[in-house]
Amino acid sequence: MAGELQTVATYSYPIQAQLAKAQLEAQGIECFLADIETVYTNTFLSNAVGGVKVQVYNSDAFRAGVILQNWEKGALRPARDETRPHCPDCFSQETHRAPFSRSVMAFGLLTLFLYYLIPNPFVLLIPVFAVLYALRREEWKCGQCGRRFRPAK
Ligand SMILES: [Zn+2]
């Protein structure tokens, strides 16, 4: 192996450094963790020794830096999904499309009950329109705070 070792990243916790090492090794870069034993022995020493150092050979340093940068971007931030709207209340993207608007469903059931009272075929058209309206209406629900909302177009 060519050259000396160079520190490309430091982490406070051994697990972060080990995950980084796994990323680099998956890309075929030989990788060493310095001071990991010290930090394992006493986590509070992590700051004193400057964290766990991820070291690679000089010749791999640039590539390793790019890989770790991309990995951290992907690992620390949830993947942004442009098809999912943000919750207007808590800005969470943990949203999912509500299958039916609850109020429209209740309205449909109410008209079915109305048909039971007034057996006129035209009354049946009301729930049909209600369901068509519900299918057209795009309603989302926040998995974080439970708010139902319509995304801004
Ligand atoms: Zn929310």
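What you are looking at is a predicted structure, and each value in this text was computed from that prediction instead of being measured.

Some thoughts on the overall build of the protein
Here is step 1: What the protein contains, in helices and strands, is six helices and six strands.
Here is step 2: The secondary structure elements of the protein, listed N-terminal to C-terminal, are β-α-β-α-α-β-α-β-α-α-β-β.
Here is step 3: Dimensions along the principal axes, computed over C-alpha positions, put the protein at roughly 90 × 30 × 20 Å.
Here is step 4: Taking the intrachain contacts of the protein between residues at least 6 apart in sequence as the baseline, contacts between residues at least 24 apart amount to 65%.

Some remarks on the nonpolar core
Here is step 1: One finds Val 8, Ala 9, Ala 20 and Val 54 to be the most contacted residues of the largest nonpolar core, which totals 13 residues.
Here is step 2: The set of elements that each furnish at least two residues to this core consists of strand E1 (5-11), helix H1 (14-26), strand E3 (52-57) and helix H4 (61-76).
Here is step 3: Ignoring any residue separated from it by four or fewer positions in sequence, one finds Val 54 in contact with Thr 7, Val 8, Ala 9, Ala 17, Ala 20, Lys 21, Cys 31 and Leu 33.

Side note on the sheet that holds E3
Here is step 1: If you trace the three strands from one edge of the open sheet to the other, you get E1-E3-E2, paired in antiparallel fashion. Across the chains shown, the open sheet's two edge strands, defined by having one partner strand only, are E1 and strand E2 (31-34). Direction aside, the axes of adjacent strands within the sheet are offset by 30° on average.
Here is step 2: Looking at chain direction, E1 and E3 are connected through six bridges and run antiparallel. Looking at the pairing, Leu 5 lines up with Tyr 57 of E3.

Calculation criteria
Along each chain, the written sequence defines residue order, and numbers are assigned to residues from 1. Local features are withheld for residues below a pLDDT of 70 in this predicted model, meaning they are given only at 70 or higher, and side-chain atom pairs are given and counted only at 80 or more; totals for whole chains, interfaces and linings count all residues. A run of DSSP states H or I qualifies as a helix once it reaches four residues; a run of E qualifies as a strand once it reaches two. Both are numbered from the N-terminal end. Two residues qualify as a contact pair if the distance between their C-beta atoms, derived from the backbone, is within 7 Å. Among buried residues, those of type Ala, Val, Leu, Ile, Met, Phe, Trp, Tyr and Cys that are joined through C-beta atoms within 7 Å form a set called a nonpolar core. Neighbour counting defines burial: a residue surrounded by 20 or more other C-beta atoms within 10 Å of its own C-beta is buried, one with 12 or fewer is exposed, and intermediate counts give partly exposed, using backbone-placed C-beta atoms. In this analysis, strands are considered paired if DSSP registers two or more bridges between them. Only C-alpha atoms enter the line fits that serve as axes; for helices the fit covers just the stretch in contact. Angles between N-to-C directions range over 0 to 180 degrees.

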